[in-house]
Amino acid sequence: MAGLQPTARERVLLISPAWVGDMVMSQTVVAALAGRGAEVHCLAPRATRDLALRMPGVVASHLIRTRHGRLDFGERSRVAMRLRRLRFERAVVLPGSFKSALVPAFARIPHRIGYRKEARGALLTDARVLDAQKLPRMVDRFAALADADAEPPRLVADAKARVQRAAELGLALDRTIIALCPGATYGPAKRWPEACFADVARACRDRGADVWLLGGTADAEAAERIARRSLAHNLAGRTSLTDAVDLLSAAHAVVSNDSGLMHVAAALGVPVVAIYGSTTPAFTPPLGERTEIVAEELPCRPCFARECPLGHLNCLRHIRPGRVLAALERLGAFDGGSANPLAMASR
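Computed from a predicted model, the values in this text were never measured in an experiment. (Residues numbered from 1 in each chain as written. Predicted model: local features only at pLDDT ≥ 70, side-chain atom pairs only at ≥ 80, totals over all residues. Heavy atoms only, no water.)

### Some details on the environment of Ala 274
(1) Moving on: Within the fold, Ala 274 resides in strand S11 (residues 272-276).
(2) Moving on: Assessed through its relative accessible area of 0%, Ala 274 is described here as buried.
(3) Moving on: Spatially, the C-alpha atom of Ala 274 lies 6.2 Å from that of Glu 292, the residues being 18 residues apart in sequence.
(4) Moving on: Filtering out sequence-adjacent residues up to four positions away, Ala 274 remains in contact with Ser 256, Met 262, Pro 286, Glu 292, Ile 293 and Val 294. (Helix = DSSP H or I, 4+ residues; strand = E, 2+ residues; numbered from the N terminus. Buried < 20%, exposed > 50% of the residue type's maximum accessible area, 1.4 Å probe, protein only. Contact = heavy atoms within 4.5 Å.)

This is the structure in structure tokens:
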């Protein structure tokens, strides 16, 4: 299909997702467009906008101050008026909602590509039908909107910012570092028990590693309980999203629930042990070269529920810390040396 073949320096607006993991996967679209010579801009909400600063190929990132689940018609109109002055030739709308297609239509961008969902076909000039069987993964669905094959997304850390932020937080960068990400905004059916994370943290410290706990403000209390049981460094709620990118790049390995930070770590080239509960890696796997999936095969999963509909949460409770530690061993997390050399090769 020749729907999106930009000419040299054609200006393209990417309507970006509001979830961190989805935002990371959108970099495959950026890479495809930039590789054809396009000037790629992102429009994103506050939750994901700064992540564009670590995405190769993004020329500029524009903020839209909308609230989750709200139309916010006035804000979308104001943003569209500002963007109209930039004379975008094309827009690629990654989210599937009706409201996400409003800004490029209001901005009078001539070519507007997205999937035909929520009766928004009139807002798009190229409304495509999603073939979910042909495109099973989210990253494949994103890439198809750029008429490209999905490539693993890539993020680049800021080396100077990493050193400065680590010093401010009292962290050593010349040690073996294991990062644990115990949060998952989606809900408890994606969060491995705190006691299990604490067991892994203690075992990593026994092997001579420093352990960092990362997450957002909503994860801070759980991370503090884990830290008290394991003497890990609790950074949850103390770092911005770009801080997390830079700090995760220093890790030898990351243990994470199926969350945005899992995708961040994989896109940095850091080895990842990904723990799945109610969801499945068939749809949103970590897309790094060195990943280990830990999941419990049960008849009831994947159910994709936020909370366990059966009340037992066995898909997570049955995963014992020893399985995660074995995965870390297979990834060479405790082999010694300075921080992960692939991820540390940053700008």
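Back to the text.
### What about the sheet that holds strand S7 (residues 177-181)?
(1) Moving on: Strand order across the open sheet formed by 6 strands is S9-S8-S7-S10-S11-S12, with parallel pairing between neighbours. Because the sheet does not close on itself, it has two edges, and the strands there are strand S9 (233-234) and strand S12 (291-295).
(2) Moving on: Relative to strand S10 (residues 253-257), S7 runs parallel, the two being bridged by 4 bridges. Residue pairing for S10: Leu 180 is matched across the bridge by Val 255.
(3) Moving on: Here helix H8 (residues 194-206) sits on the sheet and contacts S7, strand S8 (210-213), S10 and S11; the angle it forms with S7, its principal contact strand, is near 175°. (Pairing = 2+ DSSP bridges. Axes fitted to C-alpha atoms, helices over the stretch in contact; angles between N-to-C directions.)

### Here we look at helix H13 (residues 321-330)
(1) Moving on: Among all positions of H13, only Pro 321, Val 324, Leu 325, Ala 327 and Leu 328 are buried. Here the buried residues of H13 occupy an arc of 155° about the axis, which is enough to place them on one side.
(2) Moving on: Its buried side turned inward, H13 meets S7, H8, S10, S11 and S12.
(3) Moving on: After H13 finishes, the residue Gly 332 shows a positive phi value of roughly 75°. (Arc of directions from axis to C-beta.)

### Looking at unusual backbone geometry
In most cases, non-glycine residues show a negative phi, while peptide bonds are predominantly trans.
(1) Moving on: Of the consecutive residues Arg 301 and Pro 302, the connecting peptide bond is found in the cis state with omega at 5°.
(2) Moving on: Examined against the element boundaries, Pro 302 turns out to sit in the loop between S12 and helix H12 (314-317).
(3) Moving on: Of note, Glu 118 is a non-glycine position whose phi angle comes to about 50°, a positive value.
(4) Moving on: You can see Glu 118 is positioned in the loop between strand S5 (111-115) and strand S6 (126-128).
(5) Moving on: Non-glycine residue Ala 119 carries a positive phi angle of around 55°.
(6) Moving on: Along the chain, the position of Ala 119 falls in the loop between S5 and S6.
(7) Moving on: Here Ala 119 falls in the exposed class, since its relative accessible area comes to 75%.

### Quick notes on the sheet that holds S6
(1) Moving on: Read across the sheet, 6 strands follow the order S3-S2-S1-S4-S5-S6 without closing on themselves; strand pairing throughout is parallel. With one partner strand each, in any of the chains shown, strand S3 (58-63) and S6 form the two edges of the open sheet. For this sheet the average axis-to-axis angle between neighbouring strands, irrespective of direction, equals 20°.
(2) Moving on: Where S5 and S6 come together, 3 bridges link them in parallel fashion.

### Remarks on a positive patch on the surface
(1) Moving on: There is a patch of like positive charges on the surface, built from Arg 46, Arg 65, Arg 82 and Arg 85.
(2) Moving on: Here Arg 82 shows up in helix H4 (residues 73-84).
(3) Moving on: Taking the relative accessible area as the measure of exposure, Arg 82 reaches 38% and is therefore partly exposed. (Patch = residues over 30% accessible without salt bridge, like charges linked within 9 Å, V, L, I, M, F, W, Y side chains within 5 Å. Areas by Shrake-Rupley, 256 points an atom, 1.4 Å probe, with all protein chains shown as cover. Salt bridge = Lys/Arg side-chain N within 4 Å of Asp/Glu carboxyl O. Lys, Arg positive; Asp, Glu negative; His and termini not counted. Charge placed at Lys NZ, Arg CZ, Asp CG, Glu CD.)

### Remarks on the packing of H8 against H13
(1) Moving on: Put simply, H8 and H13 touch, their axes get as near as 9 Å, and they point 45° apart. Here H13 runs oblique to H8, going by the angle between their axes. Seen along the crossing, H8 lies across H13 with a hand that is right-handed. Counted together, Cys 196, Asp 199, Val 200, Ala 203 and Cys 204 of H8 and Pro 321, Val 324, Leu 325 and Leu 328 of H13 form the full contact between these two elements.
(2) Moving on: Of the residues in the contact of H8 with H13, the class split is 8 nonpolar, no polar and 1 charged. (Parallel < 35°, antiparallel > 145°, perpendicular 65-115°, else oblique. Left-handed = near helix turned anticlockwise from the far one by under 90°. Nonpolar A, V, L, I, M, F, W, Y, C, P; charged D, E, K, R; others polar.)

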